[in-house]
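Analysis of the macromolecular model
Below, each chain spelled out in residue letters.
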Amino acid sequence: MPIALAVHGGAWNIPDEAVQPSQDGVRRAREGGWRRLAEGGSALDVVEHAVRLLEDDPAFDAGRGSRLNDQGMVEMDASIMAGAGLEAGAVGAIRDVRHPVSVARQVMERSPHVMLVGDGARDFALAAGAETCRTLDLLVGRERERYLRVRSGERELVEREFDPEGLPEEGPLGTVGAVALDRAGHLAAATSTGGTQNKAAGRVGDTPIIGAGTYADDRFGAASATGWGEGILRVLLTKSAVDRLAAGAEPELAARSALEGLDRVRGKGG
């Protein structure tokens, strides 16, 4: 059985000085995941590992490097899905954890639920023994500077965050994610994000919503989305793409066709 792995670091206008760190970060996640996959690792383990590497990398808007919300806090979303039995786990607006994607997996495997949010997600993570941290541990200078600029009235940073003609200094837009196919023929997908600039406290985007930010089905395919969550949510982007694979479309055509659905809601993503 052939194996496959795809990794993404978000969709955004990368400024020149951030191109190399972004490429290096995606490469490290891909290579780390690929080693595990080639050694016979499960697709589920591989996508979790790859996304954890991206969450640790300050170049991306996930884990360390996440956006600050309008209260100066880091609230993160993540999800993971196994294509064999359509099992899934997700967390939304979770604080004070190092690896939201691993908490999402614990929700899938150690609870009767698919998604936990806010204080409930945090309490579950603590009880499950997840690695904890402070907002300060997740904060990088780039995001502190942007937060202070927004709070001082520089609204353009928020208004043009997903504008393809936006300023190159806007920074990371969207999520990180991975999809994998293992030697047993099983698919898995995982996605993680720090959310959008100056988002309202408690805002949850597409990332933890199964069928919007993440989807995997062994029979047809798997996908992980990135971009403006409000638009992606309304068209269920990843499920839409996998449905096109189910109908016989090649992967690139399935992706492009699904993305056309974003036009209806003036969405931006990939």
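Owing to the predicted nature of the structure, the values given are computational and were not obtained by experimental measurement.

Let us look at helix α4 (residues 118-127). Among all positions of α4, only G118, A121, F124 and A125 are buried. Within α4, the buried residues cover an arc of 125° as seen down the axis, which keeps them to one side. Taken together, the buried residues of α4 touch β3 (87-94), α3 (100-110) and β4 (115-117). Backbone geometry just downstream of α4 places G129 in the positive-phi region, at approximately 80°.

This part covers unusual backbone geometry. Residues apart from glycine generally show negative phi values, whereas peptide bonds are mostly found in trans. The backbone of A93 sits at a positive phi, close to 50°, despite the residue not being glycine. As for its position among the elements, A93 is in strand β3. A relative accessible area of 5% places A93 in the buried class. Phi at D96 is positive, roughly 65°, even though this residue is not glycine. Residue placement: D96 occurs in the loop between β3 and α3.

What follows deals with helix α9 (residues 237-246). Looking at α9, one finds that the buried residues are L237, T238, S240, A241 and V242. In this fold, the buried residues of α9 make contact with β7 (214-217), β8 (221-224), α8 (229-235) and α10 (251-260). Backbone geometry just after α9 places G248 at a positive phi near 105°.

Moving on, we get to the confidence of the model for the protein. Mean pLDDT over the protein stands at 89; residues scoring 70 or higher make up 87%. A low-confidence stretch, residues 164-172 stays under pLDDT 50, and its non-local contacts, those more than four residues away or across chains, total 29 contacts.

Before going further, it helps to examine the nonpolar core. Judged by nonpolar contacts, the single largest core of 42 residues is most densely connected at V7, V47, I80, V91, I94 and V103. With seven residues, helix α2 (residues 43-56) is the single largest residue contributor to this core. Contact partners of I94, with chain neighbours within four places excluded, come to V74, E75, M76, P100, V103, A121, R122 and A125.

The next thing to look at is the side chain of K199. Take K199: it is sitting in the loop between β6 (187-193) and β7. For K199, the side chain forms a polar contact with the main-chain oxygen of E75, separated by 2.6 Å. Looking at K199, its side chain comes within polar contact range of the main-chain oxygen of G194, at 3.2 Å. With residues near it in sequence (within four places) discarded, K199 still touches L68, N69, D70, E75 and G194.

Taken as a whole and assessed by the stated rule, the structure comprises 14 salt bridges. With its nearest N and O atoms 2.8 Å apart, the salt bridge here joins D96 to R122. Of this pair, D96 sits in the loop between β3 and α3 while R122 sits in helix α4, placing them 26 residues apart in sequence. For D96, a relative accessible area of 17% translates into the label buried. Judged by relative accessible area, R122 falls into the partly exposed class, the value being 26%. Between D243 and K239 there is a salt bridge; the shortest N-O distance is 2.7 Å. Taken together, the residues D243 and K239, both in helix α9 and four residues apart, mark about one turn of the helix. According to the relative accessible area criterion, K239 is partly exposed, its value standing at 27%. One continuous salt-bridge network, built from bridges that share partners, spans D45, E48, R105 and E109.

About the cut-offs
Residues numbered from 1 in each chain as written. Predicted model: local features only at pLDDT ≥ 70, side-chain atom pairs only at ≥ 80, totals over all residues. Heavy atoms only, no water. Buried < 20%, exposed > 50% of the residue type's maximum accessible area, 1.4 Å probe, protein only. Helix = DSSP H or I, 4+ residues; strand = E, 2+ residues; numbered from the N terminus. Arc of directions from axis to C-beta. Contact = heavy atoms within 4.5 Å. pLDDT = per-residue confidence, 0-100. Core = buried A, V, L, I, M, F, W, Y, C linked by side-chain atoms within 4.5 Å. Polar contact = N/O pair within 3.5 Å; in protein donor to acceptor, adjacent residues only side chain to side chain. Salt bridge = Lys/Arg side-chain N within 4 Å of Asp/Glu carboxyl O.

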